[in-house]
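Descriptive analysis of the structure
This is what each chain is made of:
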Amino acid sequence: MTPAGVLAAGAASGDLFVAQNVFFGVIALVMIVSAIRCVTTRNVVHAALWLVLVLAGAAAQFILLGSEFVAVTQVLVYIGAIIVLFLFGIMLTKASMGDDDSVAGEKRLMAGLVAVLLAVVMGIALVDSYSDTRVVIDEPQRFAAVSDAIFSQYIVAFEAVSVLLLAALIGAIVVARKE
Amino acid sequence: MILNQFLLLAAVLFCIGVYGVLARRNGIMVLMSVEIILNSVNINLVAFGAFRDHVAGEVFALFVIAVAAAEVGIGLAIVLLIYRNRRSIDLTEADLLKG
């Protein structure tokens, strides 16, 4: 059997997803590096642009998991709307101030400690619980299945979200308007 | 694909977001870190949805996206108000309720 045939047979049986795993690794690396740059860079506009890379990487992971609808929504809502909102917020507040190193040094140390401890605890728990669990994606989730679930089983939550969005819209206008 | 690779990626992103929330003093940077945290949760939800082959994971990921949009709108309005009143969005200076 040729190597390609072996790979195809492995992929068909769900044991081996070489291409998916390679892309997962590349995208995960990009996401982690951009997330770290996003929370450590001094320039707020650059931080927003690094955030775009994190969000796009998340959309790519959703596609790898076979959830096209969530990926498309992620691109539309996050990269299309929320990032623009952030850029407007930066523009309106002239948020060019950098963090003051002398004051923030101890705070940074403690925050880093908390983050590393949290990562260790969660990593141990995840490795302990799911070390051999595999995801087998036979076919992507269909839009119809998602919309069926939203408009039947989760209709109450859907209506609650719509009221929440309306309340948030009114609240934002009331809070931010000039007297 | 192993389920754990997605869960570990989400855990790492979550911790980076927690670091950002705790370490940054700029209000807008804190909101961006919260977005990273919510995204890591979404990766978890979709990964478990694919693992169980159930649509609930995606549906709740969509709900999280909607709630995150509302949260950013309100959060930026509050940051704008703080800036207008104090001419600064340094969160360590916003300590009126500290007593």
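Residues numbered from 1 in each chain as written. Chains lettered and ligands numbered in written order. Predicted model: local features only at pLDDT ≥ 70, side-chain atom pairs only at ≥ 80, totals over all residues.

1. As for the overall build of chain A
Across its full length, chain A holds 7 helices and 0 strands. Listing each helix as α and each strand as β along chain A from the N terminus yields α-α-α-α-α-α-α. By the burial criterion, 25% of the 179 residues in chain A qualify as buried. Sequence separation of 24 or more characterises 53% of the internal contacts of chain A that already satisfy a separation of 6 or more. (Helix = DSSP H or I, 4+ residues; strand = E, 2+ residues; numbered from the N terminus. Buried ≥ 20, exposed ≤ 12 C-beta atoms within 10 Å, placed from the backbone. Contact = placed C-beta atoms within 7 Å.)

2. Things to note about the nonpolar core
By size, the foremost hydrophobic cluster in this structure holds 71 residues, and its most contacted members are B:Met32 and B:Ala47. Contributions of two or more residues to this core are made by α2 (18-40), α3 (44-64) and α4 (68-93) of chain A together with α1 (3-23), α2 (27-52) and α3 (56-86) of chain B. Apart from residues no more than four positions distant in its own chain, B:Ala47 is found in contact with A:Leu65, A:Val135, B:Leu3, B:Phe6 and B:Leu7. (Core = buried A, V, L, I, M, F, W, Y, C linked by C-beta atoms within 7 Å.)

3. Structural notes on the packing of α4(A) against α3(B)
When two helices pack together, their arrangement is given by the angle between the helix axes and the distance between those axes. Look at α4(A) against α3(B): their axes get within 10 Å of each other, and the N-to-C directions meet at 5°. By the angle between their directions, the pair α4(A) and α3(B) is classed as roughly parallel. Between α4(A) and α3(B), the contacting residues are A:Phe69, A:Val70, A:Thr73, A:Gln74, A:Val77, A:Ala81, A:Ile82, A:Leu85, A:Gly89, A:Leu92 and A:Thr93 on the first element and B:Glu58, B:Ala61, B:Leu62, B:Ile65, B:Ala69, B:Val72, B:Gly73, B:Leu76, B:Val79, B:Leu80 and B:Tyr83 on the second. Looking at the contact of α4(A) with α3(B) residue by residue, the class counts come to 16 nonpolar, 5 polar and 1 charged. (Axes fitted to C-alpha atoms, helices over the stretch in contact; angles between N-to-C directions. Parallel < 35°, antiparallel > 145°, perpendicular 65-115°, else oblique. Nonpolar A, V, L, I, M, F, W, Y, C, P; charged D, E, K, R; others polar.)

4. Some details on the confidence of the model for chain B
Taken over all residues, the pLDDT of chain B has a mean of 90, while the share at 70 or more is 100%. Note on the complex model: pTM 0.88, ipTM 0.92. (pLDDT = per-residue confidence, 0-100.)

5. Structural notes on the interface of chain A and chain B
Each partner contributes residues to the interface: chain A has 74 residues there, and chain B has 58 residues. When contributions to the side of chain A that touches chain B are tallied by element, the ones reaching two or more residues are α2, α3, α4, α5 (101-130), α6 (143-151) and α7 (155-176) of chain A. Sorting elements by how many residues they give to the side of chain A that touches chain B places α5(A) first, with 14 residues.

6. A closer look at α1(B)
The end-to-end C-alpha separation of α1(B) is 31 Å, in line with the 30 Å expected for 21 residues at 1.5 Å each. In terms of residue burial, α1(B) counts as a mostly covered element, since 17 of its 21 residues are buried. (Expected span 1.5 Å × (residues − 1).)

7. Re the packing of α2(B) against α3(B)
All names here are of chain B. The N-to-C vectors of α2 and α3 enclose an angle of 175°; their axes lie 9 Å apart at closest approach. Here α3 runs roughly antiparallel to α2, going by the angle between their axes. Residue classes in the contact of α2 with α3 are distributed as 18 nonpolar, 5 polar and 2 charged.

8. Comments concerning unusual backbone geometry
Residue and element names in this part refer to chain B. One non-glycine residue with positive phi stands out, namely Asp53, at about 55°. For Arg87, which is not glycine, the phi torsion reads 60° and is therefore positive. With respect to the helices and strands, the residue Arg87 is situated in the segment after α3. You can call Arg87 exposed: it has 10 C-beta atoms within 10 Å.

9. Some remarks on α4(A)
Between its first and last C-alpha, α4(A) extends 36 Å over 26 residues, near the 38 Å set by a 1.5 Å rise per residue. The largest bend along α4(A) measures about 25° and falls at A:Tyr78. Taken residue by residue, α4(A) has A:Phe69, A:Val70, A:Ala71, A:Thr73, A:Gln74, A:Tyr78, A:Ile82, A:Phe86, A:Gly89, A:Ile90 and A:Thr93 as its buried positions. As for α4(A), its buried residues are in contact with α3 and α6 of chain A together with α2 and α3 of chain B. Remark: A:Lys94 follows α4(A) within two positions and exhibits a positive phi of approximately 50°. (Bend = angle between axes of the 7 residues up to and from the residue.)

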